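Residues per chain, in single letters:
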Amino acid sequence: MRVFASLDEYTAAKGEHLGHGEWHEITQDEINLFADATGDHQWIHIDIEKAKAGPFGAPVAHGYLTLSLIPMLVKDIYTIEGLKMGVNYGLNKVRFPSPVVVGSRVRAGAEILDVVDLPPGKQAVVKVTVEIDGNPKPGCVAETVVLFVA
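Residues numbered from 1 in each chain as written. Predicted model: local features only at pLDDT ≥ 70, side-chain atom pairs only at ≥ 80, totals over all residues. Heavy atoms only, no water.

**Student:** I'd love a proper account of the side chain of His 62, names of residues and values included.
**Tutor:** Here His 62 shows up in the loop between α4 (48-52) and α5 (63-68). For His 62, a relative accessible area of 3% translates into the label buried. Not counting residues up to four positions away in its chain, the partners in contact with His 62 are Ile 31, Phe 34, Ala 35, Asp 40 and His 45. (Helix = DSSP H or I, 4+ residues; strand = E, 2+ residues; numbered from the N terminus. Buried < 20%, exposed > 50% of the residue type's maximum accessible area, 1.4 Å probe, protein only. Contact = heavy atoms within 4.5 Å.)

**Student:** Residues and numbers for helix α2 (residues 28-38), please.
**Tutor:** Within α2, the full set of buried residues consists of Gln 28, Glu 30, Ile 31, Phe 34 and Ala 35. Looking straight down α2, one finds its buried side chains confined to an arc of 160°; they lie on one side. Turned more than 90 degrees away from the buried face of α2, the exposed residues are Asp 29, Leu 33, Asp 36 and Ala 37. For α2, the elements touching its buried residues are β3 (24-25), α3 (43-46), α4 and α5. Gly 39 sits one or two positions beyond α2 and adopts a positive phi of about 80°. (Arc of directions from axis to C-beta.)

**Student:** I'd like to hear about the nonpolar core, residue by residue, with values.
**Tutor:** Ranked by internal contacts, the top residues of the largest apolar core, which has 33 residues, are Tyr 10, Ile 70, Tyr 78 and Phe 148. Among the secondary structure elements, those contributing two or more residues to this core are α1 (7-12), α2, α5, α6 (70-74), β4 (78-80), β6 (105-118), β7 (121-132) and β8 (140-149). The residues touching Tyr 10, leaving out its near neighbours within four places in the chain, are Phe 4, Tyr 78, Ile 80, Ile 112, Val 115, Ala 124, Val 126 and Phe 148. (Core = buried A, V, L, I, M, F, W, Y, C linked by side-chain atoms within 4.5 Å.)

**Student:** So, the pairing of β8: which residues are in play, and what are the values?
**Tutor:** In terms of burial, β8 is a largely internal element, eight of the 10 residues being buried. Of the pairings in the sheet, the one linking strand β5 (residues 85-95) to β8 comprises nine bridges and is antiparallel in character. Each bridged residue has a counterpart across the sheet, and for Leu 91 the counterpart in β8 is Thr 144. As judged from the nine bridges shared by β7 and β8, these two strands associate in the antiparallel manner. (Pairing = 2+ DSSP bridges.)

As structure tokens, this is what we get:
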């Protein structure tokens with residue numbers, strides 16, 4: 001866990017890779033709950049038997065499920081002391097290079113691409129790569145945009 005004492009210290013780390021978080025196993029229950037929450041019940045996600053015979057050999061997590069795990073996966077990588085809040089501001093680019101099969105372990109790596117002043121704080125663009133254990137291709141690569149307020 002990298003701890004930044006201030007937003008200025010965080011800003012000075014622009015261009016740095018901040019490391020990796022903990023591994024998280026993707027479960028069928030997690031996939032099913034996401035399907036229920038979003039209404040996306042496509043068979044590749046929730047029909048275990050049909051998915052086993054499908055193109056991925058097992059059910060796969062929704063791309064948006066993988067994307068939505070980013071805050072949880074990044075929380076173990078870094079923190080900034082003295083913040084009032086951090087707000088998701090958006091995304092610049094998102095790709096899902098490889099399917100995340102049920103039972104896979106994923107973790108995030110984070111790199112600060114840019115930090116600029118934006119009232120009432122600083123806006124950061126952080127490239128997050130969601131790695132899949134044992135797979136050379138990531139499950140998700142996203143440029144997240146966050147507004148930090150101290």
